[in-house]
Amino acid sequence: MIARLLAVPEARHVRLVASLPRLPRPFDPRLAPASAIRMARRLEALTPHERARLAVIEDGFVRARLAGLDDDAVVARARAAVSAAPGPVSAALGAIWQVRGAEALALARAGGATGPVGPVMALPGIGPVAARIRRNWRLADFGLGGPAGAAAAAIAAAGGDLSGALARWRQGLLREDAILRSAAFPPAFGFAAAVLHMLGWHLAVEARSASEAGARAMLEAAVAAAAAPAE
């Protein structure tokens, strides 16, 4: 721990982190996230090994890259990401997957599951609290507290109603952004800082692309309603 505190980041990492564009929070309409091309150019400062590590971390975090995979594959990618990540990032990913896992278990419970079973229990972040979840299966928050407990309790309060999926997704992005920003404080200039910035960028891009699609859908519906003949 002391060695990590006294470690001096490499000059190229300092230059990279200092060059990264300002990172907006998800759903902030005032600032758009940087383009993928711009971010890729910044990441050219990383070594091939670092870029490979970053790819593994992204593959175990970004929803779009996990969509469509079966549970075992998702767990494998999540665990690989935590293993590949530097210390602060690994801890943040564990906290994020604890929230995601708690949500999945809360949905299973709302669907009638009588206890925590299946691959979800092997997710990073869930393993350390597995015994607590089993003991407190009937409690709305599984006795977890914090973001994971709040996420599970929200689903319990909704009775597992999937009609609130959009609101839950929005809250999930904001929770994950808060976890990443907490891990990035106090500011640092090593490889971990670059990775945390990239993961936050992915959240901002996801929020913006999805909200733009939703906005277009609502606009099209409004135009169609306005054009419909009056009864």
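These remarks concern the structure in this document.

What counts and what doesn't
Residues numbered from 1 in each chain as written. Predicted model: local features only at pLDDT ≥ 70, side-chain atom pairs only at ≥ 80, totals over all residues. Heavy atoms only, no water. Salt bridge = Lys/Arg side-chain N within 4 Å of Asp/Glu carboxyl O. Helix = DSSP H or I, 4+ residues; strand = E, 2+ residues; numbered from the N terminus. Core = buried A, V, L, I, M, F, W, Y, C linked by side-chain atoms within 4.5 Å. Buried < 20%, exposed > 50% of the residue type's maximum accessible area, 1.4 Å probe, protein only. Contact = heavy atoms within 4.5 Å. Lys, Arg positive; Asp, Glu negative; His and termini not counted. Phe/Tyr/Trp six-rings, centres within 6.5 Å; stacked < 30°, edge-to-face > 60°. Lys NZ or Arg CZ within 6 Å of the ring centre and 35° of its normal.

A separate point is the pattern of salt bridges. Going through the model one piece at a time under the given rule, you end up with nine salt bridges. With a shortest N-O distance of 3.7 Å, Glu 58 and Arg 65 are connected by a salt bridge. Across the pair Asp 177 and Arg 181 runs a salt bridge whose closest N-O atoms are separated by 2.9 Å. In this pair, Asp 177 and Arg 181 are both assigned in helix H10 (residues 165-183), four residues apart and thus about one turn of the helix distant. Here the residues in one salt-bridge network are Arg 63, Arg 100, Glu 176 and Glu 206, joined through shared partners.

In terms of nonpolar packing, the biggest core is built from 58 residues, with Val 89 and Leu 93 touching the most fellow members. Counting only elements with at least two residues in this core, the list comes to helix H2 (11-19), helix H4 (48-59), helix H6 (71-84), helix H7 (87-110), helix H8 (130-135), helix H9 (146-158), H10 and helix H11 (191-227). No other element matches the eleven residues that H11 contributes to this core. In this structure, Leu 93 is in contact with Ile 57, Phe 61, Ala 81, Val 82, Ala 85 and Leu 199, ignoring residues within four places of it in sequence.

Checked against the element boundaries, Glu 103 lands in helix H7. Lacking a salt bridge, the buried Glu 103 has Arg 175 as its closest oppositely charged neighbour, with an N-O distance of 4.0 Å. Ignoring sequence-local partners within four residues, the contact set of Glu 103 consists of Ala 151, Ile 155, Arg 168 and Arg 175.

What follows covers the packing of aromatic side chains. Enumeration over the complete set of coordinates arrives at two aromatic pairs. Between Arg 100 and the ring centre of Phe 61, over which it is positioned, the NZ or CZ distance is 5.1 Å. Positioned above the aromatic ring of Phe 27 is the side chain of Arg 170, whose terminal nitrogen or guanidinium carbon lies 4.1 Å from the ring centre.

Scope: geometric values only; no functional claims are made or implied.
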